[in-house]
Amino acid sequence: MKTRRLALILGDQLSFNLSSLQALDPQQDAVLLAEVLAEAEYVPHHPQKIALIFSAMRHFAEALRERGWRVHYVKLDDADNRGSLGAELQHWTNTLQASEVHITECGEWRVDDALQQVAVPITWHVDTRFVCARDEFVRWADGRKQLRMEFFYREMRRKTGLLLNADGTPVGGAWNFDAENRKALPKQIKAPMTARFPADAITQEVLALVGERFSHHYGSLEAFDYPVTQVEAEGLWQHFLESVLPAFGDYQDAMAIGEPFLFHARISAALNIGLLDVRQLCADVEAAYWRGQVPLNAAEGFIRQLIGWREYVRGIYWMHMPEYATRNAFGNTRPLPAFYWTGQTRMKCMSQAIGQTLEHAYAHHIQRLMVTGNFALLAGIEPTQVCDWYLAVYMDAFDWVELPNTLGMVMHADGGYLGSKPYCASGQYIKRMSNYCGSCAYKVTESVGEQACPFNALYWHFLMRHRQQLSGNHRLGMIYRGLEKMTEAKQQGLWARGEQLLARLDAGEML
Ligand code: DLZ
Ligand code: SF4
């Protein structure tokens, strides 16, 4: 039978309610999914990330078949695999003599651009899995000189009705309870067990394939235990809701040696590839709050990440790509240190954050922002190299979410467009939020000298070298006043130690 219409479903579009699927008819139309080398290799993705995407794609294809769809599935090791999404789309459109091609808008500008080059007419569908459509965000941003997440978030709260009183005011009398989310982990508190999902036959086959083909990428496959179907992802989510969420609000910024997950949900990868639905997650968290199972700071903080920050960065991404990716407000040129790929550094915080990243393709928000990200910011690493690293090593990293977070929030390379101040911090912050410093080779209480924590001098060096750009920022005013009050000798000492550390990085030395 001749195919009337063909839907191409990408590796991060594994949702049964996907808009392109809804436009088609399982009785007559067909679906295409393709594992291709171009997508697996354009950055050296962590093997667990490739395994997750391939396994979830294969499970999704099976589930579609069970629902009566005609599915054409291209495996990476098929003899005639054409290597790229564009080439597969062209081939299958011709072979099936498809009269129309339907695609839900891509998550990545690069993929969107590549598919636009294919000589087939494409009907694009809005990605309704997001609360805020791309054009709706542009309308919201239009005419605003500076965008702020907080105002966008309030719009989204009003739009969804989440955590609102009957009169439209926010529950608890405030929109945002961020100040209550900053507790360090007390010694006696243990992180709950994480939910693990053993590999079935499909996942085992994928793990073997990925192990064989991508062993040259950094990161290990061994600990792969991630949900690969909607049902499993729902299991991970329910585990979080019941056992973890109540403490999430208090300890979401905390870090501890040997504790890669703490009170984090670990659902971001499942959510970003479409196995979970953002509206459902928010509804569940709100219901848990109304039932009295979770405190307001935990519920609000969680919902803010989903309908606030997550949608906000996506809006910014699509409004400013591809130009956004080239921004480099500090003019950084330093290459990414080799230890980002190996974790071999004497800085305990960095070796812990990078080590668990290699083991699990996961680190939580504060590890990414205030440890590996903070170091890259202070050390003046070239932003695109930092972005490519984050995109490669994290299981949940897709360009629309990773790029604004890394380039804008971590590196402040957009000059403060996305966030109002750079998230620069000395070792003191890491000491407060973790137990890393106690067993570090460096002394967090010292800023100069061989034993001194590198974050300390690099922090002041960063502030000194960008004084012109940053001293007018009112959120850094107090810090710059502190700097002015230091003696000339102290400033010179910090500068010299900073220069020494940067020279070591330039010489390829391990810190
Ligand atoms: C990240 C990724 C990988 C590793 N492999 C594939 C693939 O084989 N096929 C596919 O359709 N998508 C893959 N992806 C996701 C895309 O690279 C891209 O990041 C998303 O589709 C966002 O547009
Ligand atoms: Fe990190 Fe400095 Fe603490 Fe060591 S002393 S763990 S380098 S913050």
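Each remark here, short or long, concerns the structure printed above.
Keep in mind it's a predicted model, so treat the numbers as computed, not measured. Each chain has its residues counted from 1, following the order in which its sequence is written. All chains are assigned letters beginning with A, and all ligands numbers beginning with 1, in the order in which they are written. Reporting of local features is limited, given that this is a predicted model, to residues whose pLDDT is at least 70; pairs of side-chain atoms are given and counted only at 80 or more, and all residues count toward the totals for whole chains, interfaces and linings. No hydrogens and no water enter the side-chain calculation; it runs on all heavy atoms of the structure.

1. Considerations on helix α22 (residues 488–506)
Each full turn of the α-helix corresponds to 3.6 residues, which orients residues three or four apart in the same direction.
Okay, step 1: Runs of H or I in DSSP of at least four residues are treated as helices and runs of E of at least two as strands, each being numbered from the N terminus. To estimate how far a helix should extend, the number of its residues minus one is multiplied by 1.5 Å. In a regular helix each residue adds 1.5 Å, so 19 residues correspond to 27 Å; α22 covers 27 Å between its end C-alpha atoms and thus fits that length.
Okay, step 2: Classification of residues uses two cut-offs on accessible area relative to the type maximum, computed with a 1.4 Å probe and protein chains only: under 20% is buried, over 50% is exposed, and between them is partly exposed. Residues of α22 that are buried include every one of Gln 491, Leu 494, Arg 497, Gly 498, Leu 501, Leu 502 and Leu 505, and no others. The buried residues of α22 occupy one face: seen down the axis, they fall within an arc of 135°. Seen from the buried face of α22, the exposed residues on the opposite side, beyond 90 degrees, are Glu 488, Ala 489 and Gln 492.
Okay, step 3: Taken together, the buried residues of α22 touch α13 (339–342), α15 (365–378), α19 (454–465), α20 (467–470) and α21 (477–485).
Okay, step 4: Of the residues trailing α22, Gly 508 is marked for its positive phi of about 75°. Working definition: the arc comes from the directions between the helix axis and the C-beta atoms, pointing outward to the latter. Contacts were defined at the residue level, with two residues in contact if any of their heavy atoms lie within 4.5 Å.

2. Notes on the site of ligand 2
Okay, step 1: Close to ligand 2 lie Met 347, Lys 348, Cys 349, Gly 427, Ile 430, Tyr 436, Cys 437, Cys 440, Tyr 442, Val 444, Cys 453 and Phe 455.
Okay, step 2: Only α14 (348–360) and α18 (427–433) provide two or more residues apiece to the shell around ligand 2.
Okay, step 3: Amino acid classes used here: Ala, Val, Leu, Ile, Met, Phe, Trp, Tyr, Cys and Pro are nonpolar; Asp, Glu, Lys and Arg are charged; the rest, including Gly, are polar. Looking at the shell around ligand 2, its residues break down into ten nonpolar, one polar and one charged. Only heavy atoms are used to decide nearness, and a residue is near a molecule or strand if one of them lies within 4 Å of it.

3. Some words on the packing of α19 against α21
Okay, step 1: Angles run from 0 to 180 degrees between N-to-C directions of axes, and those axes are lines fitted to C-alpha atoms, restricted for helices to the stretch in contact. Packing of α19 against α21 brings their axes to within 11 Å, and their N-to-C directions diverge by 100°. Of the possible angle classes, the one that applies to α19 and α21 is roughly perpendicular. Facing α19, whose interface residues are Tyr 459, Trp 460, Leu 463 and Met 464, α21 presents Ile 479, Tyr 480 and Leu 483. The labels follow the angle: roughly parallel below 35 degrees, roughly antiparallel above 145, roughly perpendicular from 65 to 115, and oblique for the rest.

4. Side note on helix α16 (residues 383–393)
Okay, step 1: Most of α16 is tucked away: eight of the eleven residues are buried.
Okay, step 2: Listing the buried residues of α16 in full gives Pro 383, Val 386, Cys 387, Trp 389, Tyr 390, Leu 391, Ala 392 and Val 393.
Okay, step 3: Elements that come into contact with the buried residues of α16 comprise α3 (47–66), α13, α14, α15 and α17 (399–410).

5. A few points about the side chain of His 59
Okay, step 1: Tracing the sequence through the fold places His 59 in helix α3.
Okay, step 2: With relative accessibility at 12%, the residue His 59 sits in the buried group.
Okay, step 3: Only 2.8 Å separates the side chain of His 59 from the backbone oxygen of Ser 55, close enough to count as a polar contact.
Okay, step 4: For His 59, the residues in contact, after removing those within four places along its chain, are Asp 200, Ile 202, Thr 203, Val 228 and Thr 229. By the criterion applied in these results, polar contacts are pairs of N or O atoms within 3.5 Å in which, for protein atoms, one can donate a hydrogen and the other can accept it, and in which residues neighboring in sequence qualify only through two side-chain atoms.

6. So, the site of ligand 1
Okay, step 1: Residues in close proximity to ligand 1 total 20 residues, the closest being Gly 11, Ala 34, Val 36, Glu 39 and Glu 108.
Okay, step 2: Glu 108 places a polar side-chain atom, nitrogen or oxygen, 2.9 Å from an oxygen atom of ligand 1.
Okay, step 3: Surface exposure here means Shrake-Rupley accessible area, sampled with a 1.4 Å probe, where a residue is shielded only by the protein chains that are shown. Within the complex, 100% of the 490 Å² of free accessible area of ligand 1 lies under protein.
Okay, step 4: Using protein atoms alone on a 1 Å grid, points that fit a 1.4 Å probe yet trap it form a cavity, whereas open point sets bounded by protein on both sides within 12 Å along at least five of seven lines form a pocket; residues with an atom within 4 Å of a point count as lining. Should more than half of a molecule's atoms lie within 2 Å of a pocket's or cavity's grid points, that molecule is taken to sit in it. Most atoms of ligand 1, that is more than half of them, are within 2 Å of grid points of the largest cavity.
Okay, step 5: Elements with a contribution of two residues or more to the shell around ligand 1: α2 (37–41), α3 and α5 (109–116).
Okay, step 6: In terms of residue count, the dominant contributor to the shell around ligand 1 is α3 (three residues).
Okay, step 7: Per-class residue counts for the shell around ligand 1 are twelve nonpolar, three polar and five charged.

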